[in-house]
Amino acid sequence: AQSVTQLDSQVPVFEEAPVELRCNYSSSVSVYLFWYVQYPNQGLQLLLKYLSGSTLVKGINGFEAEFNKSQTSFHLRKPSVHISDTAEYFCAVSDRPGSQGNLIFGKGTKLSVKP
Amino acid sequence: DTAVSQTPKYLVTQMGNDKSIKCEQNLGHDTMYWYKQDSKKFLKIMFSYNNKELIINETVPNRFSPKSPDKAHLNLHINSLELGDSAVYFCASRNSGHSYEQYFGPGTRLTVT
């Protein structure tokens, strides 16, 4: 069975500092990986996705993530965060293609950006 | 233009009542989902439908019954509500033939007292 581990439940950082949110997955098949962001009292919004090809994926709001197959990781990074980046971030893996596919989420990382 | 919408946004009710949450998507997707997010923010799949057919039915009490009248709608009916049902319920949709990402609604916060 596939699973996703987000290694940090909370990450506090100062504004304009770089940040990395860590995500590891376990899978015995090809993986499709995602990062979602949830702002307070809102639904989930897709930040970026890895399906195939280049291992460095760029997303919205200046975020990027790197797929590392040997380390089974898909860490999310941003070189300089803003107060508005304060949110919950979820890493997810799709377990199979087609209509049977489902997203398996990690437990989330709360990013708190302080002035 | 809201892509995935849910009603109501907030729902406060007493134990033992029956309630429904509605979801509609205007993205032309063929697959829709219900997720439950608990107080610790953990997201868990409950159901998924593809072209009105039930595809995924995780270990969810029988008190929860999804209904998909058409591809654009997926409703969730809950009987005999319990305190433990308090959570945020998210609807999502996807185009199964072309992509893997899911698009989420704004959520329905259910509080059972």
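All values derive from a computational prediction rather than experimental measurement.

What chain A contains, in helices and strands, is 0 helices and 12 strands. Going from N to C terminus, chain A has its helices and strands arranged as β-β-β-β-β-β-β-β-β-β-β-β. Computed over C-alpha atoms, the radius of gyration of chain A comes to 14 Å, within 12% of the 13 Å expected from 2.2 N^0.38 for 115 residues, which places it in the range of a compact globule. When its C-alpha atoms are laid out on the principal axes, chain A stretches across 40 × 30 × 20 Å. Taking all contacts inside chain A whose residues are at least 6 apart in sequence as the whole, residues at least 24 apart take part in 54%. Put simply, chain A shows about 5500 Å² of open surface, and 50% of that area lies on carbon and sulfur atoms. Each charge class in chain A was averaged separately, 10 positive and 9 negative side chains, and the resulting centres sit 6 Å apart.

Moving on: the state of the cysteines. Applying the stated criterion across every chain yields a total of 2 disulfides over all chains. Shown here is the disulfide that connects Cys23 of chain A with Cys91 of chain A, its sulfur atoms set 2.0 Å apart. Torsion about the S-S bond of the Cys23 of chain A and Cys91 of chain A cystine: about -65 degrees, corresponding to left-handed handedness. Of this pair, Cys23 of chain A sits in strand β4 (residues 23-26) while Cys91 of chain A sits in strand β10 (residues 87-94), and the two are 68 residues apart along the sequence. Each member of the pair Cys23 of chain A and Cys91 of chain A is classed as buried. The disulfide bridge from Cys23 of chain B ends at Cys91 of chain B, spanning 1.8 Å between sulfur atoms. Note on the Cys23 of chain B and Cys91 of chain B pair: the S-S dihedral is about -75 degrees, so by sign convention the disulfide is left-handed. Of this pair, Cys23 of chain B sits in strand β3 (residues 19-25) while Cys91 of chain B sits in strand β9 (residues 87-94); the two residues are 68 residues apart in sequence, bridging distant segments of the chain. There is no split in this pair, since Cys23 of chain B and Cys91 of chain B are both buried.

Take the interface of chain B and chain A next. Between chain B and chain A, the contact holds 23 residues from the first and 24 residues from the second. In total, chain B and chain A occlude about 1900 Å² of area from one another, counting both sides; carbon and sulfur atoms represent 56% of this. Across the chain B-chain A interface, the total number found is 1 salt bridge. Note that Glu101 of chain B and Lys49 of chain A form a salt bridge whose closest N and O atoms lie 2.8 Å from each other. Linking chain B with chain A are 4 residue pairs in polar contact (both at pLDDT 80 or more), by the criterion used here. When contributions to the side of chain B that touches chain A are tallied by element, the ones reaching two or more residues are β4 (31-37), β5 (43-50), β6 (53-57) and β9 of chain B. With 4 residues, the single largest contributor to the side of chain B that touches chain A is β4 of chain B.

The rules behind each value
- Residues numbered from 1 in each chain as written.
- Chains lettered and ligands numbered in written order.
- Predicted model: local features only at pLDDT ≥ 70, side-chain atom pairs only at ≥ 80, totals over all residues.
- Heavy atoms only, no water.
- Helix = DSSP H or I, 4+ residues; strand = E, 2+ residues; numbered from the N terminus.
- Rg over C-alpha atoms; globule rule 2.2 N^0.38 Å.
- Contact = heavy atoms within 4.5 Å.
- Areas by Shrake-Rupley, 256 points an atom, 1.4 Å probe, with all protein chains shown as cover.
- Lys, Arg positive; Asp, Glu negative; His and termini not counted.
- Charge placed at Lys NZ, Arg CZ, Asp CG, Glu CD.
- Disulfide = S-S within 2.5 Å.
- Buried < 20%, exposed > 50% of the residue type's maximum accessible area, 1.4 Å probe, protein only.
- Buried area = accessible area lost by both parts, 1.4 Å probe.
- Salt bridge = Lys/Arg side-chain N within 4 Å of Asp/Glu carboxyl O.
- Polar contact = N/O pair within 3.5 Å; in protein donor to acceptor, adjacent residues only side chain to side chain.

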